[in-house]
Amino acid sequence: MTNQQPAVNEETARLLQRVYRIKDTIHYEVRDGVVFIIKENNAKIQKVLRKIRYKIPKTSEMELDEYGSFIFQQIDGVRTVGEIAELLGDAIEEANNQLYDRLIIYMHHLEKNEKYIELVKK
């Protein structure tokens, strides 16, 4: 099924041409289609608390939801944000509501806030 998206403005069209890749420093696992981001808990305070025998795990996991897991698995350093949007819209029909705007915001969040991905091509 092909999703029908409304015409986009020039800025959105430019953002849809971006290509991202997952940073090499990001550790993650995919379990039953769900992505788990694995972070090391190695802040100074965590190390100190471990030394005095507090049970601070060495790693923690963040589970992505259905949309996030699907999107994360499509980021390969080759696909554009627009191509990922089409795949997402085809795979999850409910995602078509404001697809481009929401995906662009999510990709920006992964890049700037979480620092999980990096821009390969503008």
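Keep in mind it's a predicted model, so treat the numbers as computed, not measured.

**Some points on the sheet that holds strand 3 (residues 34-40)**
In step 1: Taking strand neighbours across the sheet as the criterion, the three strands line up as 2-3-4 in an open arrangement whose pairing is antiparallel. Because the sheet does not close on itself, it has two edges, and the strands there are strand 2 (27-31) and strand 4 (59-63). Across the sheet, the axes of successive neighbouring strands diverge by a mean angle of 30°, strand direction being ignored.
In step 2: When strand 2 meets strand 3, the two strands line up antiparallel, connected through five bridges. When the bridges of strand 3 are listed, Val30 appears paired with Val35.
In step 3: In this fold helix 3 (residues 66-74) packs onto strand 2 and strand 3, with an angle of close to 80° to the strand it touches most, strand 3.

**A short note on the nonpolar core**
In step 1: One finds Phe72, Ile75, Met107 and Ile117 to be the most contacted residues of the largest nonpolar core, which totals 25 residues.
In step 2: Breaking this core down by element, the ones donating at least two residues are helix 1 (10-16), strand 1 (19-22), strand 3, helix 3, helix 4 (81-91) and helix 5 (99-113).
In step 3: At six residues, the largest contribution of residues to this core is made by helix 5.
In step 4: Leave out the neighbours within four places in its chain, and Phe72 touches Ile22, Ile26, Tyr28, Val35, Ile37, Leu64 and Tyr116.

**Details of the packing of helix 3 against helix 4**
In step 1: Two elements in contact, helix 3 and helix 4, have axes whose closest approach is 10 Å; the angle formed by their N-to-C orientations is 140°. Considered as vectors, helix 3 and helix 4 are oriented oblique to each other. Pair helix 3 / helix 4 crosses with right-handed handedness. In this structure, helix 3 uses Tyr67, Phe70, Ile71 and Gln74 to contact helix 4, whose residues at the interface are Ile84, Leu87, Leu88 and Ala91.
In step 2: A per-class count over the contact of helix 3 with helix 4 returns seven nonpolar, one polar and no charged.

**Here's the deal with helix 3**
In step 1: Among all positions in helix 3, only Gly68, Ser69, Ile71, Phe72 and Gln74 are buried.
In step 2: Looking at the buried residues of helix 3, the elements they touch are strand 1, strand 2, strand 3, helix 4 and helix 5.

**What about the packing of aromatic side chains?**
In step 1: On inspection of all chains with the given rule, the structure shows two aromatic pairs.
In step 2: Between Tyr28 and Phe72, the aromatic rings sit 5.0 Å apart at their centres with planes inclined by 85°, giving edge-to-face as the arrangement. On the criterion of sequence distance, the pair formed by Tyr28 in strand 2 and Phe72 in helix 3 is long-range, its members being 44 residues apart.
In step 3: Take Tyr28: its relative accessible area is 37%, and that puts it in the partly exposed class.
In step 4: An aromatic cluster of three or more residues is present, and its members are Tyr28, Phe72 and Tyr116.
In step 5: Lying across the ring of Phe36, Arg31 places its NZ or CZ 4.1 Å from the centre.

About the thresholds
- Residues numbered from 1 in each chain as written.
- Predicted model: local features only at pLDDT ≥ 70, side-chain atom pairs only at ≥ 80, totals over all residues.
- Heavy atoms only, no water.
- Pairing = 2+ DSSP bridges.
- Helix = DSSP H or I, 4+ residues; strand = E, 2+ residues; numbered from the N terminus.
- Axes fitted to C-alpha atoms, helices over the stretch in contact; angles between N-to-C directions.
- Contact = heavy atoms within 4.5 Å.
- Core = buried A, V, L, I, M, F, W, Y, C linked by side-chain atoms within 4.5 Å.
- Buried < 20%, exposed > 50% of the residue type's maximum accessible area, 1.4 Å probe, protein only.
- Parallel < 35°, antiparallel > 145°, perpendicular 65-115°, else oblique.
- Left-handed = near helix turned anticlockwise from the far one by under 90°.
- Nonpolar A, V, L, I, M, F, W, Y, C, P; charged D, E, K, R; others polar.
- Phe/Tyr/Trp six-rings, centres within 6.5 Å; stacked < 30°, edge-to-face > 60°.
- Lys NZ or Arg CZ within 6 Å of the ring centre and 35° of its normal.

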